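# Summary of structural features
Listed below, chain by chain, are the residues.
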Amino acid sequence: MNEFALIRDYFTRPKFVRKDVILGVGDDAAITQVPQGQYLATTTDTLLEGVHFLPEASPEAIAHKAIAVNLSDLAAMGAEPAWINLSLSVEQVDQSWLSKFSTKINDLTQYFSIQLIGGDTVKGKTAVTITAQGFVPPESMLTRSGANPGDWLFLTGTVGDAAAGLAFLKGQLEIADASASDYLVNRHYFPTPRVLAGTTLRRLATSCIDISDGLLQDLEHIIEGSKVGAIVHLDKLPISQALGETIPDLEQALTYACTGGDDYELLFTIPEEHRVSMETAMANYHLPVTCIGQITGAQGKIDLRLNDQAFSFVAIEGKGYQHF
Ligand SMILES: [Mg+2]
């Protein structure tokens, strides 16, 4: 058995098996069945060492992030995840690394009730590509293009944490409190894809996107796609206790919250008539959501306010996340 056959061996016995997988790993292609009356959503993301994860990232963190970023994209479409394909590039075969990586992949497939149905391995710089697929009923899919003036702008969870965790890991941000640095570093390495929030928003949200590049940059995608504008109340932004305590300077904390990438929270718009239903559904699932502003008719314009006063950052150069 050659070394790459050995790698494949790690993935040929899926921990979670779905009934809609007719043929999984092991044949020339997987054969799967899309449920009748559902659309198939497909997304692909590559994580490259030195670009999307630090060289010292653990195999568990790399596996987690590779799955999380893809499931987050499905969540942003309102899709329920079903299957993943994995393409792995490694410089050499390190049994211990591979064992930890594949164990984490398998554990996550079980956690999210998804099945690994195929993949490939190549020799090269460490990189992980995952293609994730899921289902969404035709009338329920969420896009970036349905927001209307008057809709409320909402966000799940908190923003800025992952960027602060990364800045700490790179020695650019000092954090005295170990529990705060642990929290922020975990948010960088182990983001939570908002799968349940995504399906909960079906038929309620008029638009949705996941925060991968930074709040303002991703909001720009919604206002461009929907041909609208937005008001964002910066004083309403959900900032975690760890981030707030780490960065007492408000403008600096807001810079992380507005431009920090990799949070994988959902940013979405809700018409007034669905606001209470959405808030009730999210509360039932214990999913934190915050209203941060409103969609306007001022096409292409993002109006930032702090305590109802117009606000502009001096410190922001680009609006979004720059790959390191
Ligand atoms: Mg996305």
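Model, not experiment: these values are computed from the prediction. (Residues numbered from 1 in each chain as written. Predicted model: local features only at pLDDT ≥ 70, side-chain atom pairs only at ≥ 80, totals over all residues. Heavy atoms only, no water.)

### Quick notes on the coordination of the magnesium ion
Note on metal sites: the ideal angle is 109.5 degrees for four tetrahedral donors, and 90 or 180 degrees for six octahedral donors. Put simply, the rule reads: The donor set covers N, O and S atoms within 2.8 Å of the metal, switching to 3.2 Å for Na, K and Ca, and it leaves out water, so a site may look short of donors. In this text, helices come from DSSP runs of H or I with a minimum length of four residues, and strands from runs of E with a minimum of two, each type numbered from the N-terminal end.
Coordination of the magnesium ion by the protein comes from Asp73 (OD) and Asp210 (OD), over a distance range of 2.1 to 2.2 Å. Highlighted residues: Asp73 in helix α2 (residues 59-76) and Asp210 in strand β8 (residues 207-210), separated in sequence by 137 residues.

### A look at the packing of helix α4 (residues 161-169) against helix α5 (residues 178-189)
Going by this rule: Fitting a line to C-alpha atoms yields each axis, with helices limited to the stretch in contact; the angle taken between N-to-C directions then spans 0 to 180 degrees. The scheme is simple: roughly parallel for angles under 35 degrees, roughly antiparallel for over 145, roughly perpendicular for 65 to 115, oblique for anything else. Contacts were defined at the residue level, with two residues in contact if any of their heavy atoms lie within 4.5 Å. Three classes are used, and their members are as follows: Ala, Val, Leu, Ile, Met, Phe, Trp, Tyr, Cys and Pro are nonpolar, Asp, Glu, Lys and Arg are charged, and the others, Gly among them, are polar.
For the pair α4 and α5, the least separation of the axes is 7 Å and the interaxial angle reads 110 degrees. Judged by the angle between their axes, α4 and α5 are roughly perpendicular. Across the interface between the two elements, Asp161, Ala162, Ala164, Gly165, Leu166, Phe168 and Leu169 from α4 touch Ser181, Tyr183, Leu184, Val185, Arg187, His188 and Tyr189 from α5. Residues of the contact of α4 with α5, tallied by class, amount to nine nonpolar, three polar and two charged.

### Some points on the packing of aromatic side chains
Condition: Pairing of aromatic side chains here covers Phe, Tyr and the six-membered ring of Trp, requires ring centres within 6.5 Å, and sorts the geometry by plane angle: under 30 degrees stacked, over 60 edge-to-face, intermediate tilted. Throughout this description, buried means an accessible area under 20% of the type-specific maximum (1.4 Å probe, protein chains only), exposed means over 50%, and partly exposed covers the range between. Whether a charge sits over a ring depends on NZ of Lys or CZ of Arg being within 6 Å of the ring centre and within 35 degrees of the ring normal.
Within the structure shown, the criterion is met by five aromatic pairs. On the basis of an interplanar angle of 15 degrees and a centroid distance of 5.8 Å, the ring pair of Phe154 and Phe268 is categorised as stacked. Of this pair, Phe154 sits in strand β7 (residues 152-156) while Phe268 sits in strand β10 (residues 266-270); the two residues are 114 residues apart in sequence, bridging distant segments of the chain. This pair shows no difference in class: Phe154 is buried, exactly as Phe268 is. A network of ring pairs unites the aromatic residues Phe11, Trp97 and Phe101 as a single cluster. Sitting above the plane of the Trp152 ring, Arg275 keeps its charged end 4.9 Å from the centroid.

### A word on the sheet that holds strand β9 (residues 229-233)
As a reminder of what qualifies: Pairing between strands is defined by DSSP: at least two bridges between the two strands are required.
One open sheet accounts for seven strands, arranged β8-β10-β7-β11-β9-β12-β13; its pairing is mixed. Edge strands, defined here as strands with exactly one partner in the open sheet, are β8 and β13 (309-310). Both β7 and β10 contribute to a ladder of four bridges, which runs antiparallel. From the neighbouring strand, Phe154 faces β10, where its bridge partner is Phe268.

### Some thoughts on unusual backbone geometry
Negative phi characterises most residues that are not glycine, and trans characterises most peptide bonds. Positive phi values are uncommon outside glycine, yet Lys227 reaches one of about 55 degrees. As for its position among the elements, Lys227 is in the loop between α7 (215-226) and β9. According to the relative accessible area criterion, Lys227 is exposed, its value standing at 57%. Although it is not a glycine, Asp308 sits at a positive phi angle of roughly 70 degrees. One can find Asp308 in the loop between β12 (302-306) and β13. Residue class for Asp308 comes out exposed when judged on its relative accessible area of 57%.

### Structural notes on the state of the cysteines
Stated formally: A pair of sulfur atoms, both from cysteines and within 2.5 Å, is called a disulfide here.
Counting across every chain of the model gives zero disulfides. As a non-bridged cysteine, Cys208 has Cys291 as the owner of its nearest cysteine sulfur, 15 Å distant. Judged by relative accessible area, Cys208 falls into the buried class, the value being 2%.

### Observations concerning the domain arrangement of the chain
This is how the line gets drawn: Domain extents, as shown, originate in an automatic or database domain assignment. Buried area: the accessible area, evaluated with a 1.4 Å probe, that two parts lose upon being put together, summed over both parts. Salt bridges are defined by distance alone: a side-chain nitrogen of Lys or Arg within 4 Å of a carboxyl oxygen of Asp or Glu. In protein, a polar contact means a hydrogen-donor-capable atom and an acceptor-capable atom, both N or O and within 3.5 Å, with residues adjacent in sequence counting only if both atoms are side-chain atoms; elsewhere, any N or O pair within 3.5 Å suffices.
For the chain, the domain assignment lists domain 1 (3-139) and domain 2 (152-310). Computed over C-alpha atoms only, the centres of domain 1 and domain 2 are separated by 26 Å. Listed as interface residues are 24 residues of domain 1 and, on the opposing side, 20 residues of domain 2. Interface of domain 1 and domain 2: buried area, both sides summed, is about 1800 Å²; carbon and sulfur atoms make up 63% of it. With its nearest N and O atoms 2.8 Å apart, the salt bridge here joins Arg203 to Glu139. Across the domain 1-domain 2 interface, the total number found is seven residue pairs in polar contact (both at pLDDT 80 or more). Among the secondary structure elements, those contributing two or more residues to the side of domain 1 that touches domain 2 are α2, β4 (80-90) and β6 (127-136). A total of eleven residues in the side of domain 1 that touches domain 2 trace back to one element, the largest contributor, which is α2.

### Digging into the sheet that holds β6
The four strands are arranged β3-β6-β4-β5 in an open sheet whose pairing can be described as mixed. Edge positions in the sheet fall to β3 (39-48) and β5 (115-123), since each of these pairs with one other strand and no more. Averaged over neighbouring strand pairs, the angle between their axes works out to 15 degrees when direction is ignored. Summarising the sheet, β4 and β5 pair through eight bridges and their orientation is parallel. Residue pairing across strands places Ser89 opposite Val122, the latter belonging to β5. In the packing of α2 onto the sheet, the strands contacted are β3, β4 and β6, and the crossing angle to β3 comes to about 145 degrees. Here helix α3 (residues 95-111) sits on the sheet and contacts β4, β5 and β6; the angle it forms with β4, its principal contact strand, is near 170 degrees.

### What to know about the side chain of Ser181
Position of Ser181 relative to the elements: it lies in helix α5. Dropping the residues within four chain positions of it, Ser181 is found in contact with Phe168 and Ile175.

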